[in-house]
Amino acid sequence: QVQLVESGGGLVQPGGSLRLSCAASGFTFSYYAMRWYRQAPGKERELVATISSDGGATKYADSVKGRSTISRDNAKNTVYLQMNSLKSEDTAVYYCNAIRGIVLYWGQGTQVTVSS
């Protein structure tokens, strides 16, 4: 059974940091590129960051570039998103996503709220 389980969300003050984790199981994690998306209330889902299957390539949305780092540990079947200098506009549900060709898996999401 394929599972992607996100964790690490919560309430953080503006300027703070969070590290999100996504633990994968039920498929060969190292074969899949991984992505983080987010969706704020009333907005479309936004692609935040992507990492290649071997971790050698990463890409970021302009909205988080310079403030966020995506990484993965293929030995632990886990992908991470380190977010720094958080802003209120980063408030959203964050989802991880595994993709290989036309195969796509989604996690259930973790809420990140940036507020004082």
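Structural data are supplied above this passage.
What you see is a predicted model; the values in this text were computed from it and never measured. (Residues numbered from 1 in each chain as written. Predicted model: local features only at pLDDT ≥ 70, side-chain atom pairs only at ≥ 80, totals over all residues. Heavy atoms only, no water.)

A. The arrangement of the overall build of the protein chain in detail. Each helix and strand in the protein chain was counted, giving zero helices and 11 strands. Taking the principal axes of the C-alpha coordinates as reference, the protein chain spans close to 40 × 25 × 25 Å. Out of the 116 residues in the protein chain, the part that is buried amounts to 43%. Within the protein chain, contacts between residues separated by at least 24 positions form 53% of all contacts whose residues are at least 6 apart in sequence. Surface accessibility of the protein chain: about 6100 Å² in total, with carbon and sulfur atoms responsible for 47%. If you average the places of the 12 positive and of the 8 negative side-chain charges in the protein chain, the two averages end up 3 Å apart. (Helix = DSSP H or I, 4+ residues; strand = E, 2+ residues; numbered from the N terminus. Buried < 20%, exposed > 50% of the residue type's maximum accessible area, 1.4 Å probe, protein only. Contact = heavy atoms within 4.5 Å. Areas by Shrake-Rupley, 256 points an atom, 1.4 Å probe, with all protein chains shown as cover. Lys, Arg positive; Asp, Glu negative; His and termini not counted. Charge placed at Lys NZ, Arg CZ, Asp CG, Glu CD.)

B. A look at the state of the cysteines. Applying the stated criterion to the full structure yields one disulfide. Each disulfide pairs two cysteine sulfurs, and for C22 the partner residue is C96, the sulfurs being separated by 1.9 Å. Around the S-S axis, the bridge from C22 to C96 shows a dihedral of about 40 degrees and counts as right-handed. Highlighted residues: C22 in strand β3 (residues 18–25) and C96 in strand β9 (residues 92–100), separated in sequence by 74 residues. The two residues C22 and C96 agree in class, both being buried. (Disulfide = S-S within 2.5 Å.)

C. Just the packing of aromatic side chains, in detail. Counted by the stated rule, this structure contains five aromatic pairs. A centroid spacing of 5.0 Å and a plane angle of 45 degrees characterise the contact between F27 and Y105, whose relative ring orientation is tilted. You can see F27 sitting in the loop between β3 and β4 (33–39) and its partner Y105 sitting in strand β10 (residues 103–106), a full 78 residues away along the chain. Between Y95 and W106, the aromatic rings sit 6.4 Å apart at their centres with planes inclined by 85 degrees, giving edge-to-face as the arrangement. Of this pair, Y95 sits in strand β9 while W106 is found in strand β10, placing the two residues 11 residues apart along the sequence. (Phe/Tyr/Trp six-rings, centres within 6.5 Å; stacked < 30°, edge-to-face > 60°.)

D. Main features of the pattern of salt bridges. Evaluation of the coordinates by the stated rule reveals four salt bridges. Between R38 and D90 there is a salt bridge, with the nearest N and O atoms lying 2.8 Å from each other. Taken together, the residues R38 in strand β4 and D90 in the loop between β8 (78–83) and β9 connect sequence positions 52 residues apart. The same class applies to R38 and to D90, which are both buried. Within the structure, one salt-bridge network assembled from shared partners comprises R38, E46, R67 and D90. (Salt bridge = Lys/Arg side-chain N within 4 Å of Asp/Glu carboxyl O.)

E. Spotlight on the sheet that holds β8. Across the sheet, which stays open at both edges, the four strands sit in the order β1-β3-β8-β7 with antiparallel pairing between neighbours. Because the sheet does not close on itself, it has two edges, and the strands there are β1 (3–7) and β7 (68–73). For this sheet the average axis-to-axis angle between neighbouring strands, irrespective of direction, equals 15 degrees. The pairing of β1 with β3 spans five bridges and is classified as antiparallel. Bridge pairing in β3 links S7 to S21. (Pairing = 2+ DSSP bridges. Axes fitted to C-alpha atoms, helices over the stretch in contact; angles between N-to-C directions.)

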